[in-house]
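# Structure assessment
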Amino acid sequence: MIRRLWAIADIHLSFKSNREEFAKLQPRGLEDGLILAGDVGETIESLNEAFEVSKKHFKYVWWVPGNHELYTSKSAKEDEMHLRGESKYMACIKAAKKHGVLTPEDDYMTWVYTEGEAQTAAVICPIFTLYDYSFRPEHVTREGALEWAMEEGIKATDETLLHADPYKTRDEWCARLVAEAETKLAKAAASGFPLVIINHWPLREDTIFIPKVPRFSLWCGTTKTKEWHTQYHAKVVVTGHLHVRRTDWIDGVRFEEVSLGYPRQWQEAKDEGHTVNTLLREILPGEPKPEEGNEPTTTWRGRGRGWSLSHGLEPMTPSSPTNRTNLRAL
């Protein structure tokens with residue numbers, strides 16, 4: 001029996017059609033695992049629903065927070081509406097523990113699986129980094145970053161709904177989270193096994209592919225994580241957030257962006273016969289490592305023809321113009 005590890009992100013269960021689709025999740029192997037790489041939804045209720053469905057079909061489930069889970073949501077139940085910043089995160093952790101879902105607050109698990117004819121192992125490392133607005137051109141200062149984004153009409157909903165409490169800024173919270181993740185990852189790397197690093201936000205700016213809204217990069221990560229894939233001996237890096245499913249190979253490491261996205265963003269995939277089950281991305285064993293110099297970058301890898309999704313806009317075509325938009329909840 002081949003043991004497999006699967007992943008998906010940005011399932012956004014606040015949308016009725018996504019919620020109905022995720023309810024159709026089907027079981028895989030008896031020992032298989034599933035990664036939920038953030039942006040399940042804005043409320044604890046959405047998390048409970050996703051965790052219940054996932055644990056019903058997968059023996060092991062991992063979850064990392066995205067920006068949406070951290071929102072102080074007016075649509076939440078009354079006892080949740082007051083939660084801000086770290087207290088909202090810890091409420092999400094409490095929900096995960098209730099369902100037996102593993103999070104960045106748990107010890108990392110060593111995952112034994114078969115690759116080819118041999119048995120091998122990797123350490124599964126869910127982390128939480130947030131972002132610090134450092135994915136920006138060198139000439140743009142931190143103080144001028146938001147103004148730079150607004151020149152193109154771009155402002156993330158995070159600026160209104162994602163609070164940093166008890167930290168003064170998201171930058172400060174990010175710095176604390178990065179330091180904590182570095183400690184855990186260094187310990188995991190010392191095991192001698194390669195790592196599967198799971199984070200909602202991309203670890204490297206050069207894996208961000210959002211050509212219609214490039215200045216949204218401010219809310220996409222931190223430059224502090226750029227070399228983590230080699231520094232901590234990663235085999236695979238799993239992320240979401242961009243709503244652009246993509247596979248990159250960098251320094252022999254596979255980077256998987258595994259978002260589902262908002263309903264209209266994956267409608268083309270649905271029209272071609274895809275479901276949440278066909279869009280789960282196999283992380284382990286995964287595809288074989290390509291020969292050096294022949295590493296492909298693949299957008300929307302899957303059965304059928306390839307396709308791309310823009311971030312909160314219409315599907316991209318070669319002739320699509322760059323749109324200006326006030327990004328809401330991404």
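Described in the following lines is the structure provided in the data block. Remember, predicted model here, so these are calculated numbers, not experimental data.

Attention now goes to the overall build of the protein. Helix and strand counts for the protein come out as eight helices and eleven strands. At 19 Å, the protein has a C-alpha radius of gyration in line with the 20 Å of a compact globule built from 330 residues. In terms of overall dimensions, the protein has C-alpha extents of about 55 × 50 × 40 Å along its principal axes. Across the 330 residues in the protein, those meeting the buried criterion constitute 55%. By sequence separation, contacts in the protein at least 24 residues apart represent 75% of the contacts at least 6 residues apart. Taken as a whole, the protein presents about 14400 Å² of accessible surface, with 50% of it coming from carbon and sulfur. For the protein, the distance from the average position of its 42 positive side-chain charges to the average position of its 49 negative side-chain charges is 3 Å.

Within strand E7 (residues 234–239), five of the six residues are buried, which leaves it mostly tucked inside the rest of the structure. When strand E6 (residues 195–198) meets E7, the two strands line up parallel, connected through four bridges. Residue pairing across strands places isoleucine 198 opposite valine 238, the latter belonging to E7. Sheet topology note: the E7/strand E9 (residues 253–257) ladder contains four bridges and is parallel. Paired with threonine 239 across the two strands is glutamate 257, which belongs to E9.

Negative charge collects at one region of the surface, where Glu227, Asp251, Glu292 and Glu295 lie side by side. With respect to the element layout, glutamate 292 can be found in the loop between strand E10 (281–284) and strand E11 (298–299).

What follows deals with the pairing of strand E3 (residues 60–63). Burial of the side chains of E3 extends over both faces: Tyr60 and Trp62 are buried on one face and Val61 and Trp63 on the other. Sheet analysis places strand E2 (residues 33–36) next to E3, joined by four bridges and oriented parallel. Pairing of glycine 33 across the sheet is with tyrosine 60, part of E3.

Grouped together as the largest cluster of nonpolar side chains are 77 residues, with contacts concentrated most on Trp63, Leu130 and Trp173. At eight residues, the largest contribution of residues to this core is made by helix H6 (residues 170–189). Setting aside its immediate chain neighbours within four residues, tryptophan 173 contacts Leu70, Gly85, Glu86, Tyr89, Phe128, Leu130, Leu162, His163, Ala164 and Tyr167. Formed by 20 residues, the second largest nonpolar core is a distinct cluster that contains Trp62, Trp111, Val236 and Ile283.

Turning our eyes to something else, we now look at the pattern of salt bridges. Oppositely charged side chains are able to pair whenever their charged atoms sit close together. Under the criterion given, the structure shown has 17 salt bridges. The residue aspartate 171 makes a salt bridge to arginine 142 at a minimum N-O spacing of 2.7 Å. Linking aspartate 171 in helix H6 with arginine 142 in the loop between strand E5 (118–126) and helix H4 (145–150), this pair joins segments that are 29 residues apart in sequence. Overall, arginine 142 belongs to the partly exposed group, its relative accessible area being 25%. Here arginine 176 and glutamate 180 are joined by a salt bridge, their closest N and O atoms 2.7 Å apart. In this pair, arginine 176 and glutamate 180 both sit in helix H6, four residues apart, roughly one turn of the helix. Of the residues examined, arginine 176 reaches a relative accessible area of 43% and is grouped as partly exposed.

What counts, and at which threshold
Residues numbered from 1 in each chain as written. Predicted model: local features only at pLDDT ≥ 70, side-chain atom pairs only at ≥ 80, totals over all residues. Heavy atoms only, no water. Helix = DSSP H or I, 4+ residues; strand = E, 2+ residues; numbered from the N terminus. Rg over C-alpha atoms; globule rule 2.2 N^0.38 Å. Buried < 20%, exposed > 50% of the residue type's maximum accessible area, 1.4 Å probe, protein only. Contact = heavy atoms within 4.5 Å. Areas by Shrake-Rupley, 256 points an atom, 1.4 Å probe, with all protein chains shown as cover. Lys, Arg positive; Asp, Glu negative; His and termini not counted. Charge placed at Lys NZ, Arg CZ, Asp CG, Glu CD. Pairing = 2+ DSSP bridges. Patch = residues over 30% accessible without salt bridge, like charges linked within 9 Å, V, L, I, M, F, W, Y side chains within 5 Å. Salt bridge = Lys/Arg side-chain N within 4 Å of Asp/Glu carboxyl O. Core = buried A, V, L, I, M, F, W, Y, C linked by side-chain atoms within 4.5 Å.

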